[in-house]
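Observations on the model geometry
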Amino acid sequence: MVIGNPGSAARGEPAGAADRAWIERERDQARAWEAIGARYDEAFPHKDGQLAMVATLLELLPPGARVLDIGSGTGLPTARQLTAAGCRVTCLDISPRMLGIAEQNVPEAEFVLGDVMDLSADGPGFEAVTAFFVLLHLPREKVRTALGLIGEVLAPGGWFAVAMVEGDVDDVPIAFLDSRIRVTGILRDDLRTLLSESGFVIGHEQVLSYAPETTSAKPEIQMFFLCHKADERS
């Protein structure tokens, strides 16, 4: 796996105007998460759906499985839950501050500063990838691209756990925990279709209503999907 810095052209292509705009966009997103820091866990302290999805994932993984946690944030609860079960975890995030907090919370993991859009297959691949509430920070067209890249870094027979917020918006700026970030919402039927078209077969799903512990974030419908690569098990 090769990963560049947030928004970088990790595949070695020269940056055009569109690339430069994307790099600046991702830097803005990273700066927002730098400001949010540990307050995210304070606003979203109850992550029952996330914990349950990882528990189901762990039942399917071999001992010592390699897992990539995309958008790992503070490392809680996913990276800690995975390392506690004996997995070898790589935490990927665009925010240096978030990675610093995660390193304190889950010192057993490996930490990489980078962007999901810069993923590149290199090596044996991961037995599982988790991406909880991170793809919603991409424009819809890039969500599809990111799913393809995730499929590339998965080992044969690998599993993918993803969570999104249900909605019908595409790359809109919103106020979130006193910062400003860009988000995308996808309707659940559309997300099922997108996962299928990206080469995944859904094995388990759950939809939950969630109310944050702050008025700085709105209530939301959370969608959790656990998938495997279609070409390996279909």
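Above this text is the structure in question.
Report follows, based on the coordinates. (Residues numbered from 1 in each chain as written. Predicted model: local features only at pLDDT ≥ 70, side-chain atom pairs only at ≥ 80, totals over all residues. Heavy atoms only, no water.)

Description of the environment of Leu92
- With respect to the element layout, Leu92 can be found in strand β2 (residues 88–93).
- On the basis of relative accessibility, which here comes to 2%, the residue Leu92 falls in the buried class.
- Taking the C-alpha atoms as reference, Leu92 lies 14 Å from Ala128; in sequence the two are 36 residues apart. (Helix = DSSP H or I, 4+ residues; strand = E, 2+ residues; numbered from the N terminus. Buried < 20%, exposed > 50% of the residue type's maximum accessible area, 1.4 Å probe, protein only.)

Re the sheet that holds strand β1 (residues 66–70)
- Reading across from one edge, β3-β2-β1-β4-β5-β9-β8 is the order of the seven strands in this open sheet, with mixed pairing throughout. Sheet topology places β3 (110–113) and β8 (200–210) at the edges, where each strand pairs with a single neighbour. Neighbouring strand axes in the sheet, compared pairwise and without regard to direction, differ in orientation by 15° on average.
- Where β8 lies against strand β9 (residues 220–229), 10 bridges are found, and the strand directions are antiparallel. Residue Phe200 lies in a different strand from β9, and its bridge partner there is Lys229.
- Packed onto the sheet, helix α3 (residues 48–58) meets β4 (126–132), β5 (154–165), β8 and β9 and runs at close to 10° relative to β9.
- Together, β2 and β3 form the strand contacts of helix α5 (residues 96–105), whose direction differs from that of β3 by roughly 175°. (Pairing = 2+ DSSP bridges. Axes fitted to C-alpha atoms, helices over the stretch in contact; angles between N-to-C directions. Contact = heavy atoms within 4.5 Å.)

Looking at the packing of helix α1 (residues 17–36) against α5
- Between α1 and α5, the shortest axis-to-axis distance is 7 Å and the interhelical angle comes to 45°. When the axis of α1 is compared with that of α5, the two are oblique. Contacts from Trp33, Glu34 and Ala35 in α1 reach Pro96, Arg97 and Met98 in α5.
- By residue class, the composition of the contact of α1 with α5 is four nonpolar, no polar and two charged. (Parallel < 35°, antiparallel > 145°, perpendicular 65-115°, else oblique. Nonpolar A, V, L, I, M, F, W, Y, C, P; charged D, E, K, R; others polar.)

Focus on the environment of Arg88
- Of note, Arg88 is situated in strand β2.
- Through-space distance from the C-alpha of Arg88 to that of Leu58 is 12 Å; in sequence the pair is 30 residues apart.
- Those residues in contact with Arg88 that sit more than four places away from it in its chain are Gly64, Ala65, Arg66 and Val67.
- Looking at Arg88, its side chain comes within polar contact range of the main-chain oxygen of Gly64, at 2.9 Å. (Polar contact = N/O pair within 3.5 Å; in protein donor to acceptor, adjacent residues only side chain to side chain.)

Re the environment of Gly199
- By the secondary structure assignment, Gly199 is in the loop between α7 (188–197) and β8.
- Taking relative accessible area as the criterion, Gly199 reaches 29% and is therefore assigned partly exposed.
- For the pair Gly199 and Gly148, spaced 51 residues apart in sequence, the C-alpha to C-alpha distance is 7.9 Å.
- Ignoring any residue separated from it by four or fewer positions in sequence, one finds Gly199 in contact with His228, Lys229 and Ala230.

Some thoughts on the pairing of β3
- Two elements, β2 and β3, share four bridges in a ladder whose sense is parallel. Within β3, the position partnered with Asp93 by the bridge is Leu113.
- Following the backbone out of β2, through α5 and into the adjacent parallel β3, one traces a crossover that is right-handed. (Right-handed = clockwise from strand over helix to strand, strands pointing away.)

Function cannot be read off these values alone, since they describe shape.
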